[in-house]
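# Fold and geometry: a report
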Amino acid sequence: WVSVCKTYLVEARWQRARQTPRLDEYLSNIREAMTGPILLPAYFFLSQNIEEKAIQQLQSESNIINLSSMIVRLSADLQRSRVEFGRGNLPRSVQIYMNEARVAEEQARQHIRKLLRDAWRRLNREMLLAQQQQQQTAFSRSFMNVALNIARVSQCMYDFEDGVGVLEHESMDHVYSLIAEPIQTA
């Protein structure tokens, strides 16, 4: 939790100073803020044998966690950036890239979508490698699936407008069908 607070503090400093970070600074800061609070408890709930190696990996640069975090943040940024920036919040990846590369908003969105696709490719590759080398990884398959599913859910929630802040249209239908409609089998 200390690292999560430090991450939020970095963003708060950027916002207070009205400083726009470089895209690489912004992306490197998102790991803890996005999935750390979810994945760390998930590890402890899903793991029967808590290993020192896994805890060190959780605190270091685990690609599965980093890539899942990046997918969550970039998915959110593509939908929420206009609204949040309009409220005076910290610029998101779209605005940061617009300023950094001096491009129009649509070109910046295309670039962020490309980063998102690349993150998905790398996450899928990491998941396959981890599955092939199960004995060598400190994380259980269940835990790795949680990291993967967090990325999937965020993409689904943000695919149709802002699926968190404004639940309307398709997002609301998805949430309703997930909770209220029974799954039909055979």
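Let us look at the structure shown here. Note that the structure is predicted; figures quoted are calculated from it, not measured.

Residues that lie three or four places apart on an α-helix share one face, since the helix turns once every 3.6 residues. Taken as a whole, helix H6 (residues 93–101) has its buried residues at Ser-93, Val-94, Gln-95, Ile-96 and Tyr-97. After H6 finishes, the residue Arg-102 shows a positive phi value of roughly 55 degrees.

Okay, the pattern of salt bridges next. Within this structure, the stated rule accounts for seven salt bridges. Across the salt bridge formed by Arg-22 and Asp-24, the nearest N and O atoms sit 3.2 Å from each other. With a relative accessible area of 45%, Arg-22 lands in the partly exposed category. The shortest N-O distance in the salt bridge between Arg-109 and Glu-105 comes to 3.1 Å. Of the two residues, Arg-109 and Glu-105 both sit in helix H7 (residues 105–132), four residues apart, roughly one turn of that helix. With a relative accessible area of 27%, Glu-105 lands in the partly exposed category.

By the element assignment, Ser-75 lies in helix H5 (residues 63–86). Using a relative accessible area of 3% as the deciding quantity, one classes Ser-75 as buried. Those residues in contact with Ser-75 that sit more than four places away from it in its chain are Leu-116, Ser-154, Gln-155 and Tyr-158.

Quick look at the packing of H6 against H7 now. Interhelical geometry of H6 versus H7 gives an angle of 115 degrees and a closest axis separation of 9 Å. For the pair H6 and H7, the sense of crossing is right-handed. Across the interface between the two elements, Ser-93, Val-94, Tyr-97 and Met-98 of H6 pack against Glu-105, Ala-108, Arg-109, His-111 and Ile-112 of H7. Here the residues of the contact of H6 with H7 are counted per class, giving five nonpolar, two polar and two charged.

Thresholds applied
- Residues numbered from 1 in each chain as written.
- Predicted model: local features only at pLDDT ≥ 70, side-chain atom pairs only at ≥ 80, totals over all residues.
- Heavy atoms only, no water.
- Buried < 20%, exposed > 50% of the residue type's maximum accessible area, 1.4 Å probe, protein only.
- Helix = DSSP H or I, 4+ residues; strand = E, 2+ residues; numbered from the N terminus.
- Salt bridge = Lys/Arg side-chain N within 4 Å of Asp/Glu carboxyl O.
- Contact = heavy atoms within 4.5 Å.
- Axes fitted to C-alpha atoms, helices over the stretch in contact; angles between N-to-C directions.
- Left-handed = near helix turned anticlockwise from the far one by under 90°.
- Nonpolar A, V, L, I, M, F, W, Y, C, P; charged D, E, K, R; others polar.

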